[in-house]
Amino acid sequence: MQENLVQKIVEEVLQQVLKNQPSLQHDNKIPVGVSARHVHLAQSEVEQLFGENYQLTPKFELSQPGQFAAEETVVIAGPKGSIERVRILGPARSLSQVEVSFTDAIKLGLTPPLRISGDVKGSSPITLIGPKGSVVLKEGLIVAKAHIHMTPADSARLQVEDGQSVQVKLAGIRPIILSDVIIRVSDRYRLEMHIDTDEANAGLIKQGTLAEIVQAQSIEQTSVQTAQPVVQTATQLPEQKSVYHYTKKLLSQVQVAAITEQEIVVSKKTIVTALAYDKIRELNKTLTINKE
Ligand SMILES: [Zn+2]
């Protein structure tokens, strides 16, 4: 049987099962969907990667109405590595965006910010490679913030509003609580929480796990822009590249100890003491000597 046919049958059976479970409609449980790495493309980039006037081919429908996984995949590449067969999700959008987990980002050698989907300004650069060409996006690589899609009726029932940040308990094999999960309300949505594969792995969560909002913060406390990881997973997170430009003549161990940034940049005229070098090594910092 064709793979897409099987997928369609599975989707339909799942929808029937969900319809026949009145408990899901009436209690406060939220179905969880795990988003694997994926790409959203603008039409111009679809054409650069697949050829002129190319249209994406829907492979199967996603849980959010109108959204589909395309037959087409691309290779995504960063300075340290690449990942093949990354699924494209349609329909085409106004801005291209690539969503990966932190684990993927380590493989690519990039440190993308944690963002709500669609907020790509100033995010990491990424290269996409298709059968007919490649595209270098100056920005567009993000780690997607965990979020919950819902209708206005769900939002009234669950007493949360669009943009609000909530704490959510996930009853997987290894139960976890995720903080700063963003509520997204639209009558085009269907009730579902979206997490990435790192978050799913942290809680040993499978598709179909249920979530529950355990604490709602007021909307004023919500900061959609902060790039804080939602959960600390066991994988090493990429180090946040923060740089301190040291401009004085002498850099001693006392100054090194006082600098919180990971990288210290000095001019070639700055004298760095032996003890300062030791301190840099001890604190796992990097010293860059600016040649200009
Ligand atoms: Zn989503």
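Structure's up top.
A short tour of the structure in this document, coming up. All values derive from a computational prediction rather than experimental measurement. (Residues numbered from 1 in each chain as written. Predicted model: local features only at pLDDT ≥ 70, side-chain atom pairs only at ≥ 80, totals over all residues. Heavy atoms only, no water.)

**Let's talk about the coordination of the zinc ion**
When a metal carries six donors in an octahedron, the ideal angles between them are 90 or 180 degrees, while four donors in a tetrahedron ideally lie at 109.5 degrees. Spelled out, the test is: A 2.8 Å cut-off from the metal defines N, O and S donors, relaxed to 3.2 Å for Na, K and Ca; water is not in the atom list, so some sites may appear incomplete. Helix and strand definitions follow DSSP, with helices as H or I runs of at least four residues and strands as E runs of at least two, each counted in order from the N terminus. Exposure classes here rest on a 1.4 Å probe applied to the protein chains alone. A residue is buried below 20% of its type maximum, exposed above 50%, and partly exposed in between.
Distances from the zinc ion to its protein donors, namely H147 (NE2), H149 (NE2) and H194 (ND1), fall within the range 2.1 Å. Here the donor residues of the zinc ion share one chain and are spaced in sequence as H-x1-H-x44-H. Taken together, the residues span a long stretch of sequence, with H149 in strand β10 (residues 147-150) and H194 in strand β13 (residues 192-196) at a distance of 45 residues. With respect to burial, H149 and H194 carry one shared label: buried.

**Comments concerning the layout of surface pockets**
The following threshold applies: In this analysis the probe radius is 1.4 Å and the grid spacing 1 Å, with only protein atoms considered; a cavity is a set of points the probe fits into but cannot get out of, a pocket is an open set with protein on both sides within 12 Å along at least five of seven lines, and lining residues have an atom within 4 Å of a point. Grid points are joined across faces, edges and corners, and a volume is the space filled by probe spheres set on the points. The classification used treats Ala, Val, Leu, Ile, Met, Phe, Trp, Tyr, Cys and Pro as nonpolar, Asp, Glu, Lys and Arg as charged, and all other residues, Gly among them, as polar.
When its volume is computed, the second largest pocket comes out at roughly 160 Å³. Surrounding the second largest pocket, 12 residues form its lining, Y246, T247, V266, S267 and T270 being those nearest its centre. Elements with a minimum of two residues in the lining of the second largest pocket: β15 (243-246) and β17 (263-267). Examining the composition of the lining of the second largest pocket, we find that 3 residues originate from one element, β17, more than from any other. Its residues assigned to classes, the lining of the second largest pocket shows 3 nonpolar, 5 polar and 4 charged.

**Quick look at the environment of V265**
The condition is simple: Throughout, a residue-residue contact means that at least one pair of heavy atoms, one from each residue, lies within 4.5 Å.
Looking at the element boundaries, V265 is found in strand β17. Exposure remark for V265: the relative accessible area of 9% places this residue in the buried category. Contact partners of V265, with chain neighbours within four places excluded, come to V243, Y244, H245, Y246, T288 and N290.

**Digging into the pattern of salt bridges**
As a reminder, the rule being used: The working definition used for a salt bridge is a side-chain nitrogen of Lys or Arg within 4 Å of a carboxyl oxygen of Asp or Glu.
Under the counting rule described, the total for this entry stands at 8 salt bridges. Taking the shortest distance from any N to any O, the salt bridge between R85 and E84 comes out at 3.7 Å. You can call E84 exposed: its relative accessible area is 54%.

**Describing the sheet that holds β15**
In plain terms, the rule: Here the rule is simple: two strands pair whenever DSSP picks up at least two bridges between them. Note on geometry: axes are C-alpha line fits, over the in-contact stretch for helices, and angles between N-to-C directions span 0 to 180 degrees.
Sheet architecture is open: 3 strands sit in the order β15-β17-β19, paired in parallel fashion. Two strands bound the open sheet, and with one partner strand each, they are β15 and β19 (286-290). On average, each strand axis in the sheet is tilted by 25° relative to the strand beside it, whichever way the strands run. In this sheet, β19 lies alongside β17 in parallel orientation, the contact comprising 5 bridges. Counterpart to V266 in the pairing with β19 is I289.

**Topic: the pairing of β10**
By the alternation rule, side chains of β10 split into H147 and H149 and I148 and M150, which are all buried. Note that β10 and strand β12 (residues 176-185) share 4 bridges and pair parallel. Residue I148 lies in a different strand from β12, and its bridge partner there is I183. Across 3 bridges, β10 lies against β13 in antiparallel orientation. The residue of β13 that forms the bridge with I148 is M193.

**Comments concerning the packing of aromatic side chains**
Defined as follows: Centre distance within 6.5 Å is the pairing criterion for rings of Phe, Tyr and Trp, where only the six-membered ring of Trp is used; planes under 30 degrees apart are then read as stacked, over 60 as edge-to-face, and the remainder as tilted.
Applying the stated criterion across every chain yields a total of 1 aromatic pair. Ring geometry for F50 versus Y54: centroids 5.2 Å apart, planes at 25°, classification stacked.

By themselves, these observations are geometric and do not establish any function.
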